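Observations on chain architecture
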Amino acid sequence: MILHELISYDILRVIWWVLLGVILIGFAVTDGFDLGVGALLPFVARNDIERRVVINTVGPVWEGNQVWLILGGGAIFAAWPQLYAVSFSGFYLAMFAILFALILRPVGFKYRSKIEDPTWRSSWDWALFIGGFVPALILGVAVGNVLQGVPFRLDEDLRIFYDGTFFGLLNPFALLCGLLSVAMLVMHGAAWIVLKTEGVVAQRARRVGEVASLLTILLFALGGVALWLFVGGYRITSPIDMVGPSNPLLKTVATGGGWFANYAAHPWMLIAPALGFVGAVACYVNAKAGREIGTLLWSKLSIFGIISTVGVSMFPFILPSSADPRAGLAVWDASSSHLTLFIMLVVTVIFLPIVLAYTAWVYRVLWGKVDEQAIRDDSGHAY
Amino acid sequence: MELDIVSLSRLQFALTALYHFLFVPLTLGLSVLLAIMETVYVMTGRLIWRQMTKFWGTLFGINFVLGVATGIVMEFQFGMNWSYYSHYVGDIFGAPLAIEGLMAFFLEATFVGLFFFGWDRLSKVGHLIATYAVAAGSNFSALWILIANGWMQNPVGSQFNPQTMRMEVADFYEVLFNSVAQAKFVHTVSAGYVAASFFVLGVSAWYMLKGRHIELAKRSMTVAASFGLAASLSVVVLGDESGYLSSEHQKMKLAAIEAMWETEPAPAAFTLFGIPDQAARETRYAIRIPWVMGLIGTRTLTEEIPGIKEQVDLAKLRIEQGIQAFDALQKIRAAGSTTAIPEDVRNAFEENGTRLGYALLLKRYVDDPRTATPEQIEKAAWDTVPMVAPLFWTFRIMVGLGMLFILLSATFFALSSLRKLDRYPWLLKVAVAFIILPWIAIECGWFVAEYGRQPWIIEGVLPTAAAVSDLGVTTVLLTIIGFVAIYTTLLIIELKLMLRAIRKGPEPDDEPEAQLAPAQLVAAE
């Protein structure tokens, strides 16, 4: 097979690093609002019909949106197998908590309104709250830990050993990142509810959204300061072989140097954090002005900026190790083989545009506010 | 079973997979049945077919979400509990999983929303397209998952890379068109079609017995019986194909399923019943049918099927080759750069490299396989024999049920062709009682396929024991309890909602179609 040599290994690795970001951002800007809506459900909607309206705003789309997460799992497995292996086993109990919460979600959406019993429905409302809030929080906490380095080691056979504990994940910096993640997704979820509902629910969501966008700005800024002051960062000290074999142990790594070096070397990368701030500010301004679509789009751009910031700050690292820095996973030594990256790129180039096209079509078909009367009449809305 | 991390991780995987597989077959089959029913509606314009699509669609939805919920766990569990596996084969195994998401699951999950919410927003044909997309998505999804699983059974198109200490893809075409994967795909989706057909048959039979929704029930039974007959035939034929392929690629699994301890002169006899005794390495009280095994396994009268003992001897040989490979691998890694590897070491690895996994079987007994004693090699060779009795029995249950499905669906197919579905109430009762049987067959099938591969997680490449994550016993015990608790709760809720929806019946209730159709037509115009 010669075809895959068309694109060199180092370029494929960078492409897959970008695609990893695209998929994670895809998850955050689509399923992210579903998570935010779940977390907001008990608060912006206070009676049964209001809650049904809110649930029906995401009712037809959450399943498709959630596939971004499934795809994320699959794509990390295929393109960055060591990242998949280390992060999922290292964060074992945290992953379990996320799964537990995510299991509640599909069932909550579908089953809640099947039985007309207040206890039944209120239990599912809180299940949906957990299903939204817990993954949003833990995913942020996980990112906070990744930025600090995760306590894992690799032996000569590249077997993974994990030194940390579940409670070790809950350190102040990681919790700050967790809160940022919640604020960001609540901002997004609120923007979605405002777009899809009317009346009192929309008003409440707008107020929550304004606060959440201000909190996003504040927490993102605080996160940056804390990253500067308290997080050492890592840098590769051995010569880098960008087309070398995927074996993390072939390099040497020093701690310190911070996660800001990339911005000094490549100032254009500052676009990422700038977009995070500008997006949240614009989201706030648009919410104030009552521009619904603008609010949603700017919150998406803010999320895009914030997640990109994490990626470019750490480049070329994707999962640094605090227990044995040289075991840290980098773009140049944790990918799949040249051939697999190439095949997966071909598949992605063909299918991702198709997915985006039909997703856009489905959103167009479903365009418009959720009709409260239709829910009362039990027509046109399934949940 | 001891409470070590390997057993617990296997237990958790088995439980979560078996639960997941309670929901998936119905999704696979019902999605296709929905597509058939809605096609009839769009082609004939008869409203009863839309009513059928909506009614079975409601049951489909209740089941579908649990398939989705339990499916997320499957996607993440490899990394969580099987991190060395994920590292070791992610280069090959990850690709079909990612493609599944991109090509199949997106399609299914994006359009399933339109299936439920789109009746008033789409044209007839537009909605039909959404239903087709759901059916196509769920079936393609099965294809990619079984390509991944097929590779675990028959790891083609890949080779070990000493620099990265993992298996890497050498020929993706071989992985894709792996004959084992193709046979498994058709066998598994057919099993899903059987499950859905018997579900529709059983529920409809219940309505007929109760004298409710007769028109809907009769039509549903007609569709389900014909679809079920085709699917039952396909599941047995492709099951046979899988068996035939096992005789080529997984000889040990086949011998264990058949409790064939000794190699017999061709054509071998088939053991219909017997009591396999693992310790004595024999099968007691065997009732045997001459020739049949040889014919099924090799499709000839002359080829032998190697028995368990002969294959253990072969495993011993492979372990010794594996030790050579392991030794060469250590020297290759000590050499540092590729150019510094001595010629004889390179040759030794090229010759024996494919047996490296067999050396890893010794890791249970020694740290360095090169220091293994002949007794340890003997023990490791016997470790390649899975537990015979459970395989022997689950396989027979599965096959027996498969035959029963053909008989039953053929009966209902004949009755519906003769328009005599309501003639024999006892047969309707049988149909209700038998709803659960396809699920028993399916879970047995999963067990035979996966347990029969033990002690390997990747046949001949990586032992299951070497593949686990570095986790604590209590941690995994905790998550097992957590998963079982939530899955069982949700399963009970699901069954309750299913029964409720079935009892409630289709909307509008209890009206014969003759009066219903014109009334609704007027309302629609």
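Residues numbered from 1 in each chain as written. Chains lettered and ligands numbered in written order. Predicted model: local features only at pLDDT ≥ 70, side-chain atom pairs only at ≥ 80, totals over all residues. Heavy atoms only, no water.

1. Digging into the overall build of chain B
Within chain B one finds 18 helices and six strands. Across the 525 residues that make up chain B, the buried fraction comes to 61%. Across chain B, contacts joining residues at least 24 apart in sequence account for 79% of those joining residues at least 6 apart. Per element, the accessible surface of chain B, about 20400 Å² overall, is 63% carbon and sulfur. Within chain B, one finds 39 positive and 47 negative side-chain charges whose respective centroids are separated by 9 Å. (Helix = DSSP H or I, 4+ residues; strand = E, 2+ residues; numbered from the N terminus. Buried < 20%, exposed > 50% of the residue type's maximum accessible area, 1.4 Å probe, protein only. Contact = heavy atoms within 4.5 Å. Areas by Shrake-Rupley, 256 points an atom, 1.4 Å probe, with all protein chains shown as cover. Lys, Arg positive; Asp, Glu negative; His and termini not counted. Charge placed at Lys NZ, Arg CZ, Asp CG, Glu CD.)

2. Here we look at the pattern of salt bridges
Oppositely charged side chains can form a pair if their charged atoms are brought close together. By the definition in use, this model includes 32 salt bridges over all chains. In this structure, the salt-bridge partner of Arg219(B) is Glu215(B), at a minimum N-O distance of 2.9 Å. Here Arg219(B) pairs with Glu215(B), and both are found in helix H7 (residues 214-249), just four residues apart, close to one helical turn. Two residues, Asp368(B) and Arg370(B), come together in a salt bridge whose shortest N-O distance is 3.1 Å. Among the charged side chains, a network of salt bridges with common partners joins Asp48(A), Arg51(A), Arg112(A), Arg121(A) and Asp125(A). (Salt bridge = Lys/Arg side-chain N within 4 Å of Asp/Glu carboxyl O.)

3. What to know about the side chain of Glu108(B)
For Glu108(B), the location among the structural elements is in helix H3 (residues 83-117). Within the buried set, Glu108(B) has no salt-bridge partner at all; the shortest N-O distance to an opposite charge, 12 Å, is to Lys110(A). Setting aside anything within four residues of it in sequence, one finds Glu108(B) in contact with Thr27(B), Phe64(B), Ala133(B), Val134(B), Gly137(B), Ser138(B) and Ser141(B).

4. Focus: a nonpolar patch on the surface
On the surface, a nonpolar cluster with roughly 680 Å² of combined accessible area is contributed by Leu272(B), Phe273(B), Ile275(B), Tyr285(B), Ile287(B), Ile289(B) and Trp393(B). Turning to its location among the elements, Phe273(B) is positioned in strand S3 (residues 270-277). (Patch = residues over 30% accessible without salt bridge, like charges linked within 9 Å, V, L, I, M, F, W, Y side chains within 5 Å.)

5. Some thoughts on the packing of helix H5 (residues 92-111) of chain A against helix H6 (residues 118-148) of chain A
Residues and elements named next belong to chain A. It is at 8 Å that the axes of H5 and H6 come closest, and there the two elements cross at 145°. As for how H5 packs across H6, the hand of that crossing is left-handed. Contact residues: Ala 94, Ala 97, Ile 98, Ala 101, Leu 102, Leu 104, Arg 105, Val 107, Gly 108, Phe 109 and Tyr 111 in H5; Trp 120, Trp 124, Ala 127, Leu 128, Ile 130, Gly 131, Val 134, Pro 135, Ile 138 and Leu 139 in H6. Looking at the contact of H5 with H6 residue by residue, the class counts come to 18 nonpolar, two polar and one charged. (Axes fitted to C-alpha atoms, helices over the stretch in contact; angles between N-to-C directions. Left-handed = near helix turned anticlockwise from the far one by under 90°. Nonpolar A, V, L, I, M, F, W, Y, C, P; charged D, E, K, R; others polar.)

6. Overview of the interface of chain A and chain B
Facing 75 residues of chain A, the contacting portion of chain B comprises 76 residues. Taken together, the two surfaces of chain A and chain B that pack against each other cover about 6900 Å², and 74% of this comes from carbon and sulfur. Area buried by chain A at its contact with chain B is led by Phe77(A), Tyr92(A) and Tyr111(A), which between them contribute 11% of it. Put simply, chain A and chain B have one salt bridge between them. (Buried area = accessible area lost by both parts, 1.4 Å probe.)

7. So, the domain arrangement of chain B
All names here are of chain B. For chain B, the assigned domains read domain 1 (24-252 + 385-504), domain 2 (264-298) and domain 3 (308-383). Inter-centroid distance (C-alpha atoms) of domain 1 to domain 2 is 31 Å. At the junction of the two partners, domain 1 supplies eleven residues and domain 2 supplies ten residues. Both faces combined, the contact of domain 1 with domain 2 buries some 870 Å², and carbon together with sulfur accounts for 61% of it. Area buried by domain 1 at its contact with domain 2 is led by Phe 392, Trp 393 and Arg 396, which between them contribute 46% of it. Here domain 1 is connected to domain 2 by zero salt bridges. There are four residue pairs in polar contact (both at pLDDT 80 or more) connecting domain 1 and domain 2. Sorting the residues of the side of domain 1 that touches domain 2 by element identifies H7 and helix H14 (388-417) as the ones contributing at least two each. The class makeup of the residues in the side of domain 1 that touches domain 2 is eight nonpolar, one polar and two charged. (Domains from an automatic or database assignment. Polar contact = N/O pair within 3.5 Å; in protein donor to acceptor, adjacent residues only side chain to side chain.)

8. As for the nonpolar core
Within the largest apolar cluster, 288 residues are counted, with the highest numbers of intra-cluster contacts made by Trp80(A), Trp56(B), Tyr85(B) and Phe412(B). The biggest single contributor to this core is H3(B), with 22 residues. Taken domain by domain, this core gets at least three of its residues from each of domain 1 (24-252 + 385-504) and domain 3 (308-383) of chain B. Not counting residues up to four positions away in its chain, the partners in contact with Trp56(B) are Leu30(B), Leu34(B), Met37(B), Phe199(B), Val200(B), Val203(B), Ser204(B), Leu216(B) and Ser220(B). Core analysis: the next-biggest nonpolar cluster, separate from the first, contains 35 residues, Met293(B), Met398(B), Val448(B) and Trp456(B) among them. (Core = buried A, V, L, I, M, F, W, Y, C linked by side-chain atoms within 4.5 Å.)

9. Notes on the environment of Arg370(B)
Residues and elements named next belong to chain B. Structurally, Arg 370 can be placed in the loop between helix H12 (356-360) and helix H13 (374-383). Along the backbone, Arg 370 and Leu 30 are 340 residues apart, and their C-alpha atoms lie at a distance of 54 Å. Filtering out sequence-adjacent residues up to four positions away, Arg 370 remains in contact with Ile 323, Phe 326, Asp 327 and Gln 330. A polar side-chain atom of Arg 370 sits 2.9 Å from a polar atom in the side chain of Asp 327.

10. With respect to unusual backbone geometry
All names here are of chain A. The omega torsion across Phe 315 and Pro 316 is 5°, close enough to zero to call that bond cis. In this structure, Pro 316 sits in the loop between helix H11 (292-314) and strand S5 (317-319). With a phi close to 65°, Leu 158 is a non-glycine residue in the positive phi region. Inspection of the secondary structure puts Leu 158 in the loop between strand S1 (152-154) and strand S2 (160-162).

11. What about the environment of Pro248(A)?
Residue and element names in this part refer to chain A. Relative to the assigned elements, Pro 248 resides in the loop between strand S3 (234-236) and strand S4 (253-255). Note on Pro 248: relative accessible area 0%, which makes it buried. Along the sequence, Pro 248 and Val 194 sit 54 residues apart, while their C-alpha atoms lie 47 Å from each other. For Pro 248, the residues in contact, after removing those within four places along its chain, are Leu 154, Leu 158, Arg 326, Ala 327, Gly 328, Leu 329 and Asp 333.

12. Describing helix H2 (residues 47-81) of chain B
Helix length check: H2(B), at 35 residues, gives a terminal C-alpha distance of 50 Å against a target of 51 Å (1.5 Å per residue), a fit within 8%. Taking burial as the measure, the 35 residues of H2(B) include 32 buried ones, the bulk of the element. (Expected span 1.5 Å × (residues − 1).)

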